[in-house]
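# Fold and geometry: a report
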Amino acid sequence: MARSIKATYIAEYGSFEQDVLLMAADLTLEVCEGEWTFRKVPEVSAEQDSVTVNLDECPVFSLAFSIDLDVDMEWLQGATLLQVIRMLIEATNKK
């Protein structure tokens, strides 16, 4: 089940905090208007409510799109990339 946690990002220029969704023990999702950013992070236990991430060492995958979506995060956790792409195409065609 997706849950909200606090991520502390460390970068060359400093550090900052952001609320993110924990999609799996080692995968977060940042949702901004028109963009989803998935990051592979150090494993987060069920008792933890935060994670520290070094941005220079963190694998990242981003999706950008031109429509505003309301997505069921439970569905997203079990969806394949192909299912997500199809959902985005269908949503774009409806707009």
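We now turn to the structure provided with this report. If you're wondering where the values come from, they're calculated on a predicted model, not measured in any experiment. Residue numbers here run from 1 along each chain, matching the order of that chain's written sequence. Totals for whole chains, interfaces and linings use all residues, but because this is a predicted model, local features are given only for residues with pLDDT of at least 70 and pairs of side-chain atoms are given and counted only at 80 or more. Only hydrogens and water are set aside when side-chain values are computed; all heavy atoms of the structure are taken into account.

### Here's the deal with the overall build of the protein
Put simply, the test is: Numbering goes from the N terminus for both helices and strands, where a helix is a DSSP run of H or I of at least four residues and a strand is a run of E of at least two. For every accessible area listed, the method is Shrake-Rupley and the probe measures 1.4 Å; residues are considered covered only by the protein chains on display. The charge count includes Lys and Arg as positive and Asp and Glu as negative, but it does not include His or the ends of the chains. Just so you know, the charge point we use is NZ for Lys, CZ for Arg, CG for Asp and CD for Glu.
For the protein, the helix and strand inventory stands at 2 helices and 6 strands. Secondary structure elements of the protein, listed N to C terminal, follow the sequence β-β-β-β-β-β-α-α. Total accessible area on the protein stands at roughly 6,300 Å², and carbon and sulfur atoms take up 51% of it. Taking the average place of the 7 positive charges on the side chains of the protein and the average place of its 17 negative ones, the gap between the two points comes to 7 Å.

### Details of the pattern of salt bridges
Our working rule: One speaks of a salt bridge when a side-chain nitrogen belonging to Lys or Arg is within 4 Å of a carboxyl oxygen belonging to Asp or Glu. Partly exposed describes any residue whose relative accessible area lies between the buried limit of under 20% and the exposed limit of over 50%, with all areas from a 1.4 Å probe on protein chains only and scaled to the type maximum.
Taken as a whole and judged by the stated rule, the model has 3 salt bridges. A salt bridge links lysine 6 to aspartate 19, with the shortest nitrogen-to-oxygen separation between them at 3.0 Å. With a gap of 13 residues between them, lysine 6 in strand β1 (residues 3–11) and aspartate 19 in strand β2 (residues 14–24) connect regions that are remote in the sequence. A relative accessible area of 30% places lysine 6 in the partly exposed class. Take aspartate 19: its relative accessible area is 52%, and that puts it in the exposed class. One salt bridge in this structure joins arginine 39 and glutamate 30, with 2.6 Å as the shortest N-O distance. One exposure class covers both arginine 39 and glutamate 30, and it is buried.

### Observations concerning the sheet that holds β2
Our working definition: Strands were regarded as paired on the criterion that DSSP finds at least two bridges between them. Think of each axis as a best-fit line through the C-alpha atoms, taken over the contacting stretch in the case of a helix, with angles from 0 to 180 degrees between the N-to-C directions.
Read across the sheet, 6 strands follow the order β5-β1-β2-β3-β4-β6 without closing on themselves; strand pairing throughout is mixed. Of all the strands in the sheet, the pair left with one neighbour each is β5 (50–54) and β6 (60–64). Taken over all neighbouring pairs, the strand axes of this sheet differ in orientation by 35° on average, direction set aside. Where β2 and strand β3 (residues 27–32) come together, 3 bridges link them in antiparallel fashion. Opposite leucine 22, over in β3, you have threonine 28 as the bridge partner.

### Looking at a negative patch on the surface
Note the cut-off: Within this analysis, patches are made of residues with over 30% relative accessible area and no salt bridge. Like charges are joined at 9 Å or less; nonpolar side chains (Val, Leu, Ile, Met, Phe, Trp, Tyr) at 5 Å or less.
Taken together, Glu33, Asp68, Asp70, Asp72 and Glu74 make up a surface patch of like negative charges. Following the sequence through the fold, aspartate 70 ends up in the loop between β6 and α1 (73–78). Exposure remark for aspartate 70: the relative accessible area of 81% places this residue in the exposed category.

### With respect to the pairing of β1
Direction of pairing for β1 relative to β2: antiparallel, over a ladder of 9 bridges. What sits directly across from isoleucine 10, in β2, is serine 15. Between β1 and β2, which pair antiparallel one after the other, the connecting turn spans 2 residues. The sheet contact formed by β1 and β5 spans 5 bridges and is parallel. Directly across from alanine 7, in β5, lies its bridge partner valine 51.

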